[in-house]
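Take a look at the letters that make up each chain.
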Amino acid sequence: MLDNKYERIAGSAPRGLTPPARTLPARTLPAKTLLAAVLVAALLGLGCSGGTLPQAGAPPVTVPDAWNGAETDTQPTEAELASWWSQLGDPVLDALVERTLAGNVDLETAVARVAEARARRGLAKSDLGPSITANPTAARTDPLGDTGRSNDSFSAGLDVAWEADLFGSKQLSLAASRADLGAEIDNLRAAHVSLVAETAVAYTDLRVAEARLQVIDETLESREETSRLTDWREQAGLASRLEVSQAESNLELARAGRPATERIATDARLRLSLLAGLPPGSLDPLLSSSGGLSSGGGLSSSSSGTSKSSAPIPTPPETLAVGIPADTLRQRPDVRAAEWRIEAAAARLGVAERGRYPTLRFSGSIEARSSDLDDLLDIDSLVADLFAGLTAPIFESGRIEQNILIQTAQWDQAVLAYRGTVLQALSEVEQALAAFHTSEERIAFLGEATRAAQEAADLAEQRYAAGLVDLLSVLETQRTVFTTREQLAIAQGELANAFSNLYRALGGGWQSQVAPDEGETHA
């Protein structure tokens, strides 16, 4: 069970009948009268129906003690979570992630939402204090007739207005805005998590497509060699025209697969440019960086020819540190954002409940009036007024009750959304672990199958050249080599993508990217 990390942000008020409301007329009140007004407001509040507000923090949920697909419950270090993609050992990917985080449009939008939420918090905080306005005026009156005299008048004043937060409604509004800010900060962190994972997946898809293109090119070389050999054998009377046509058909089928694979690579490049907030083609110089192929990937050149090398498919580490489910839920920003939304909904429900209570407003002014500007600030020219107004709801046609029902329903929705987010988080980790282990098994099997298929193809080509087997045997072994090598490249990509999706599910990638707002972090 997860511990509830929040204390109640709104208390309860005794239920009872709402007393009749009355409004004090605006007039100057002595200090004793003002004190009496405050006491009356407090007594009226005690008689108002308040109800009990829900718990502000996240509700308890049942969390498994360990992951089903995890081999160990070792918790990943903060450095591993913060820059998990560096474990793939690909400097091009490292540079790509850095550029993407610096230019992604959605990330900049999330930053703007945080700025908006921070400003809204400041607006709610300012509502706790008074408002003061200045109103200087000057006037001249010229009487009709040729009297040669005019009347001047000058005034300067300050108006002050303040609503007392007798029952904490404004404090609850401020708590709601603080929770909104916390949710937006964690939404920004969640955007970091998704963006890094999407970048790694798109990059892996590009390298898989390039590896498949390399397989196609090497297969084409092998089949071109077989087609030339068949032509020679026909000219020597050792092969029929049927065998020549079969060799040509097999060659053209291999060529037909290249455009579709090239499109996959192009789409991956476009996705990476879009994620980085750059025009198409801007990342081509970086993505063209190439290196040797992985020695253990089974994608070495066949004996019939060589092809241009591409950068290898990213290779994850052999062991995974995933920790325990409870730790994952605490570090996932989308779960944390869902908790903030529960807190905000509880605070707004408290504001709605306090709509039943009386309100006390104070207003006052200090004004100086004089016909001579030099005498405007004399003490004798100052006039001060102070007003107090007390209002309490009597009949609202059900508006307050309906607003409470609305806020209660929104709190229920926030709780359900939190539970759904937790379940989704747990499911995503298990799915990524299952995909990772399945891909590992497939790579092991396909690696052995590729080795055996290449061996059979080499032997069949040698025997066909010696006239010991027919062409169909050669073509079949070539097709098997092509299929197994292509499937091996796909499985290697699935393994790397499962690794990326696993760390996305673990909530990794934001820890070193977004500094928490001061005082707005989860305890």
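Residues numbered from 1 in each chain as written. Predicted model: local features only at pLDDT ≥ 70, side-chain atom pairs only at ≥ 80, totals over all residues. Heavy atoms only, no water.

**A short note on the overall build of the protein chain**
- Assigned secondary structure in the protein chain consists of 11 helices and 5 strands.
- By the burial criterion, 43% of the 523 residues in the protein chain qualify as buried.
- In the protein chain, the proportion of contacts linking residues at least 24 apart, taken out of those at least 6 apart, comes to 86%. (Helix = DSSP H or I, 4+ residues; strand = E, 2+ residues; numbered from the N terminus. Buried < 20%, exposed > 50% of the residue type's maximum accessible area, 1.4 Å probe, protein only. Contact = heavy atoms within 4.5 Å.)

**Describing the packing of helix α5 (residues 169-235) against helix α10 (residues 399-465)**
- Relative orientation of the contacting elements α5 and α10 amounts to 15 degrees, with a least axis distance of 11 Å. One element, α5, and the other, α10, form an angle in the roughly parallel class. Two packed elements cross with a definite hand, and for α5 against α10 that hand is left-handed. Contacts between α5 and α10 involve S222, L229, T230 and R233 from the first element and E461, Y464 and A465 from the second.
- When grouped by side-chain class, the residues that make up the contact of α5 with α10 number 3 nonpolar, 2 polar and 2 charged. (Axes fitted to C-alpha atoms, helices over the stretch in contact; angles between N-to-C directions. Parallel < 35°, antiparallel > 145°, perpendicular 65-115°, else oblique. Left-handed = near helix turned anticlockwise from the far one by under 90°. Nonpolar A, V, L, I, M, F, W, Y, C, P; charged D, E, K, R; others polar.)

**A short note on the environment of V244**
- Tracing the chain through its elements places V244 in helix α6 (residues 241-275).
- Among the residues examined, V244 registers a relative accessible area of 1% and is labelled buried.
- Separated by 227 residues in sequence, V244 and L471 place their C-alpha atoms 9.0 Å apart.
- Leave out the neighbours within four places in its chain, and V244 touches T230, D231 and E234.

**Some points on α6**
- When the terminal C-alpha atoms of α6 are compared, their 53 Å separation across 35 residues agrees well with the 51 Å that a helix rising 1.5 Å per residue should span.
- Within α6, burial applies to E243, V244, A247, N250, L251, A254, T261, A265, A268, L272, S273 and L275.
- For α6, the elements touching its buried residues are α3 (91-103), α5, α7 (284-287), α10 and α11 (471-505). (Expected span 1.5 Å × (residues − 1).)

**Comments concerning the confidence of the model for the protein chain**
- Considering every residue of the protein chain, the mean pLDDT works out to 79; 76% of them sit at 70 or more.
- Counting contacts from residues 37-52, a segment whose pLDDT is below 50, to residues more than four positions away or on other chains yields 47 contacts. (pLDDT = per-residue confidence, 0-100.)

**Considerations on a negative patch on the surface**
- Together, E71, E318, E440 and E441 make up a region of like negative charge exposed at the surface.
- Topologically, E318 is positioned in the loop between α7 and α8 (325-331). (Patch = residues over 30% accessible without salt bridge, like charges linked within 9 Å, V, L, I, M, F, W, Y side chains within 5 Å. Areas by Shrake-Rupley, 256 points an atom, 1.4 Å probe, with all protein chains shown as cover. Salt bridge = Lys/Arg side-chain N within 4 Å of Asp/Glu carboxyl O. Lys, Arg positive; Asp, Glu negative; His and termini not counted. Charge placed at Lys NZ, Arg CZ, Asp CG, Glu CD.)

**Brief notes about the packing of aromatic side chains**
- Inspection of every chain in the model, using the stated rule, returns 6 aromatic pairs.
- Here W84 and W85 contribute two aromatic rings whose centre-to-centre distance is 5.9 Å and whose plane-to-plane angle is 80 degrees, an arrangement assigned as edge-to-face. The pair W84 / W85 is uniform in exposure class, with both members buried.
- Site record: aromatic cluster; members linked through ring pairs are W84, W85, F499 and Y503. (Phe/Tyr/Trp six-rings, centres within 6.5 Å; stacked < 30°, edge-to-face > 60°.)

**Re the nonpolar core**
- W84, L272, Y418 and L502 are the most contacted members of the largest nonpolar core, which has 66 residues in total.
- Elements supplying a minimum of two residues to this core: α3, α4 (105-126), α5, α6, α7, α9 (333-353), α10 and α11.
- By residue number, the principal contributor to this core is α10, which donates 13 residues.
- Each residue touching W84, except ones within four places of it in the same chain, is listed here: V196, A197, A200, F499, S500, Y503, G508 and G509.
- A239, A247, Y464 and V474 belong to the second largest nonpolar core, which has 7 residues in total. (Core = buried A, V, L, I, M, F, W, Y, C linked by side-chain atoms within 4.5 Å.)

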